[in-house]
Amino acid sequence: MFGDCSFCPCFGNRNCGQTEPDLDPVLLVSGMGGSVLHAKRKKSGLETRVWVRILLADLEFKRKVWSLYNPKTGYTESLDKDTEIVVPEDDYGLYAIDILDPSFILKLIHFTEVYHFHDMIEMLVKCGYKKGTTLFGYGYDFRQSNRIDKLMEGLKVKLETAYKASGNRKVTLITHSMGGLLVMCFMSLHKDVFSKFVNKWITIASPFQGAPGCINDSLLTGLQFVEGIASFFFVSRWTMHQLLVECPSIYEMLANPDFKWKKQPQIKVWRKQSNDGESSAKLETYGPVESISLFKEALRNNELDYNGNSIALPFNFAILDWAAGTRQIINNAQLPDGVSYYNIYGTSYDTPFDVR
């Protein structure tokens, strides 16, 4: 794809023919839905991939991934008490963020809808980066809060590992989407550690002020990662919805009500009205603050059936309170002196290739 790779698109000219290229380590951090998840049996230790998978995707997701938020711990916990959700660490963390369904059939037909960091990993390897020495990945349980202790500790360990493996060279972080929020929280909470291990930080489409279009839709109707006929083989929109209602990470990407938006995020709803036997429709508009009342109304009777038991899943105000704390942590974040920062983001609704 890049020939002899004398030019590396991300980091300028590289002599890829040299045996030991002079490269700073790179750590790739995924976003929402961008990590392979396994369900691990607590007794036997047996692991089964539950995200992403094609065969029995919806059934396994309902059985193993559906969860409830625990306000006492701040963690979202699986309804299946016999399993825990884990992220595989194979290939120095790269396996979990490369091809999200690495099954033989999908690789054979080159089903690119499940290719996440795959192309970037291949490019960096061709540019001289070596897995386990100068190239690492960090996948994580994206159900959880972007500031939860387990994720913060995991990122700290990964940064330190990359730093030491490369001969005490500072790390270049490349984060996609929600991964930018996770790193922002880490930088805010552990600024000294961040400054010690990080040299450059590159964010790609990170919703630092929220992702209202996607998140509003996720809370009201669910989330579909693929479209068309391929969607029939994936987790359904509604099955995903019943998980996301209990995910702190989703609430943490609601629109920041204090941000000065160029165009205020809105939800528009047509409501049916009846006067003197005649029906009409009225258009109502909800901004970031007003939308909370709409979520509460829309989800007031929401519930799921798990093993024959009905479980209420209304809009979760405990998670909303937690997310408000996360927003404050993000707002307080400051880039340490000596760390270079690059932000790649879209400037057009029409095409993702219109970026700056």
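Residues numbered from 1 in each chain as written. Predicted model: local features only at pLDDT ≥ 70, side-chain atom pairs only at ≥ 80, totals over all residues. Heavy atoms only, no water.

What follows concerns the overall build of the protein chain. Regarding its fold elements, the protein chain presents 11 helices and 16 strands. For the protein chain, the residues scored as buried account for 50% of the 356 residues in total. Considering only contacts within the protein chain whose residues lie at least 6 apart along the sequence, 70% involve residues at least 24 apart. (Helix = DSSP H or I, 4+ residues; strand = E, 2+ residues; numbered from the N terminus. Buried < 20%, exposed > 50% of the residue type's maximum accessible area, 1.4 Å probe, protein only. Contact = heavy atoms within 4.5 Å.)

A few words now on the pairing of strand β11 (residues 198-204). Most of β11 sits out of view: five of its seven residues are buried. Strand direction decides the pairing type here: strand β10 (residues 171-176) and β11, joined by six bridges, are parallel. Directly across from I174, in β11, lies its bridge partner I202. As paired elements, β11 and strand β16 (residues 340-344) share five bridges and run parallel to each other. Looking at β16, one finds that I202 is bridged to Y342. (Pairing = 2+ DSSP bridges.)

Time to look at the pattern of salt bridges. According to the stated counting rule, one finds 13 salt bridges in the structure shown. Here R169 makes a salt bridge to D22, at a shortest N to O gap of 2.4 Å. With R169 in the loop between α4 (149-165) and β10 and D22 in the loop between β2 (12-13) and β3 (26-29), this residue pair connects regions lying 147 residues apart in the sequence. Given a relative accessible area of 54%, D22 falls into the exposed group. One salt-bridge network, in which partners are shared between bridges, spans D22, D24 and R169. (Salt bridge = Lys/Arg side-chain N within 4 Å of Asp/Glu carboxyl O.)

Picture the strands of a sheet paired through backbone hydrogen bonds; they go either parallel or antiparallel. The three strands are arranged β5-β4-β8 in an open sheet whose pairing can be described as antiparallel. The sheet is open, and its two edges are formed by β5 (47-51) and β8 (83-86), each paired on a single side. The sheet shows a mean angle of 35° between the axes of neighbouring strands, taken without regard to direction. (Axes fitted to C-alpha atoms, helices over the stretch in contact; angles between N-to-C directions.)

All right, on to the environment of Y129 then. Along the polypeptide, Y129 turns up in the loop between α3 (118-126) and β9 (135-138). For Y129, a relative accessible area of 4% gives the class buried. Separated by 103 residues in the primary sequence, Y129 and V26 place their C-alpha atoms 8.2 Å from one another.

What follows deals with the sheet that holds β16. Strand order across the open sheet formed by five strands is β9-β3-β10-β11-β16, with parallel pairing between neighbours. Of all the strands in the sheet, the pair left with one neighbour each is β9 and β16. Going from strand to strand, the sheet's axes swing by 15° on average, the running direction of each strand aside. Each of β3, β9, β10 and β11 is contacted by α3, which is oriented at about 175° to β3, the strand it contacts most. The sheet strands contacting α4 are β3, β9, β10 and β11, and the helix crosses β9 at an angle near 175°.

The next subject is the environment of R327. Note that R327 resides in helix α11 (residues 317-331). Given a relative accessible area of 12%, R327 falls into the buried group. Note: C-alpha distance between R327 and F208 (119 residues apart in sequence) is 9.2 Å. Setting aside residues no more than four positions away along its own chain, R327 makes contact with F208, Q209, G210, E252, L254 and N256.

Within the sequence span of α3, burial applies to H118, I121, M123 and L124. Packing partners of the buried residues in α3 comprise β3 and β9. Directly after α3, the chain includes G128, whose backbone phi takes a positive value near 105°.

Geometry only, nothing functional implied.
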